[in-house]
Amino acid sequence: MSAATVRTWKQVEARVREQRDYAEGFRWLELDVPGDFRVPVAGQFVQLLLDSPSPVLLPRPMSVAGVTQRGSRLSIGLLYAPVGAGTRVLAQLAPGAVVRVTGPLGQGYPLDEAGTPVLVAGGRGLAPLLMAAEALAKKKRACEFVFGARTKGLLIGLNVAREALARRGSRLHLATDDGSRGLKGNVIDVLDKIAPKLGAPIVIHACGPHAMLAAVARWAMANGARAHLAMESVMACGTGVCRGCPLPRSAEARDRVLATGDDASALQGNPEWAMCCTDGPVFESRELDWDRVE
Ligand SMILES: Cc1cc2nc3c(=O)[nH]c(=O)nc-3n(C[C@H](O)[C@H](O)[C@H](O)COP(=O)(O)OP(=O)(O)OC[C@H]3O[C@@H](n4cnc5c(N)ncnc54)[C@H](O)[C@@H]3O)c2cc1C
Ligand code: FES
């Protein structure tokens, strides 16, 4: 049975534990979930369904940015920006408010893969990757952490990152397009700079805007590295049923799916398309056709 067909999620009532400003208009939301909720791994996400009356019909997907276990109790942290109708309502929820949470969903980062871990974050992509850095540290593995943005004000959560990574013996490399902090350039320029000094194979775990992820994927394929990229798509069910979150498969992945019939998320599947919610959201660079990713 493929990983995509194993049901690991459940829908639960969660309560807001904490909601606060984070940085640059971003909010940190911490939700208490029942103790039998499966502990999410970095790269997985949850779907948040707002209580009625709500201005939005569909749940909103959010990457898990932190997990705290207190005895048998579990809370999950989410970093989000109130950009539209659903997230603006989310931003108003006070401690004690109820949110229906489905999760944990999707495939997380394969952090056990052998090689030198290089974590690459753009914008709000920082949060799930700090969680990944923590998971690596628990296994006594340090990482190279590349963090890029257009300008220094958009390095969301830089101070948190600096402190957390220093504690774990990992190295932080910054890049801004305008040179206001770190290297003047982008995350690819940083990869070019640090890669020759790193032990092979390099294994990248990345999260950020699709254009950045496409560039990282192409860099990895050109440089003999592996890269695991956390993708986004508009989602409805989050569980592989509605087929509403397609991403274009590479020819290589499509041919493998055709040969093996390994297309668990697509009950009547068109092998041209992977489902972001179940096949991903984390995809290895060779799985997608980056020329067709929007
Ligand atoms: C797997 C996954 C993980 C995500 N993790 C996070 C996260 O950790 N933090 C966070 O802030 N957001 C995250 N998102 C995006 C988040 O779900 C959207 O911000 C949210 O759906 C917007 O809802 P809304 O009702 O506020 O806005 P809407 O009114 O629905 O849209 C407002 C604006 O947001 C844009 N938008 C809507 N959905 C997305 C999307 N999926 N990706 C990019 N832009 C979108 C719309 O194009 C529009 O411009 C994630 C999305 C996915 C698929
Ligand atoms: S959101 Fe329904 S299949 Fe992915």
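Calculation criteria
Residues numbered from 1 in each chain as written. Chains lettered and ligands numbered in written order. Predicted model: local features only at pLDDT ≥ 70, side-chain atom pairs only at ≥ 80, totals over all residues. Heavy atoms only, no water. Core = buried A, V, L, I, M, F, W, Y, C linked by side-chain atoms within 4.5 Å. Buried < 20%, exposed > 50% of the residue type's maximum accessible area, 1.4 Å probe, protein only. Helix = DSSP H or I, 4+ residues; strand = E, 2+ residues; numbered from the N terminus. Contact = heavy atoms within 4.5 Å. Expected span 1.5 Å × (residues − 1). Pairing = 2+ DSSP bridges. Axes fitted to C-alpha atoms, helices over the stretch in contact; angles between N-to-C directions. Near = heavy atom within 4 Å. Polar contact = N/O pair within 3.5 Å; in protein donor to acceptor, adjacent residues only side chain to side chain. Areas by Shrake-Rupley, 256 points an atom, 1.4 Å probe, with all protein chains shown as cover.

**Points about the nonpolar core**
- Ranked by size, the top nonpolar core spans 46 residues in total, and within it Leu31, Leu48, Val101 and Phe145 carry the most contacts.
- Here the element with the most residues in this core is helix α2 (residues 126–138); it accounts for seven residues.
- Beyond its immediate stretch of four places on either side in the chain, Leu31 contacts Ala14, Arg15, Val16, Arg17, Leu48, Leu74, Ser75, Ile76, Leu78, Val99 and Val101.
- Formed by 38 residues, the second largest nonpolar core is a distinct cluster that contains Phe45, Ile202, Ala214 and Leu288.

**A word on helix α5 (residues 210–222)**
- If you check α5, its first and last C-alpha atoms are 18 Å apart, about what 13 residues at 1.5 Å a residue would give, namely 18 Å.
- Along α5, the positions that sit buried rather than exposed are His210, Met212, Leu213, Ala214, Val216, Ala217, Trp219 and Ala220.
- Where α5 is buried, its residues meet β8 (116–122), α4 (187–194), β12 (202–207) and β13 (226–230).

**Section: the sheet that holds strand β10 (residues 171–176)**
- Overall, mixed pairing links the seven strands, which are arranged β11-β10-β9-β8-β12-β13-β16 in an open sheet. Every interior strand has two partners, whereas the edge strands, β11 (183–184) and β16 (282–284), have only one.
- With three bridges joining them, β13 and β16 adopt antiparallel strand pairing. Residue Leu229 lies in a different strand from β16, and its bridge partner there is Phe283.
- Sitting on the sheet, helix α3 (residues 158–167) touches β9 (144–149) and β10, and the angle it makes with β10 is about 155 degrees.

**Quick notes on the site of ligand 1**
- In the region of ligand 1, 17 residues are neighbours, and Arg60, Pro61, Gly86, Thr87 and Glu232 sit closest.
- Ala81 is positioned with one of its backbone polar atoms (N or O) 3.1 Å from an oxygen atom of ligand 1.
- In this structure, Ala85 approaches ligand 1 through a main-chain N or O atom, which is 3.5 Å from an oxygen atom.
- Protein burial of ligand 1: of its 850 Å² of free accessible surface, 71% is covered by the chains.

**Topic: the sheet that holds strand β6 (residues 73–80)**
- Pairing in this open sheet of seven strands is antiparallel, and the strands run β4-β3-β7-β1-β2-β6-β5 from one edge to the other. At either end of the open sheet lies a strand with only one pairing partner, and these are β4 (60–63) and β5 (66–70). Mean inter-strand twist for the sheet, computed between neighbouring axes without regard to direction, equals 35 degrees.
- Relative to β4, strand β3 (residues 45–49) is paired through four bridges, and the arrangement is antiparallel.

Functional significance is not addressed by these values, which are geometric in nature.
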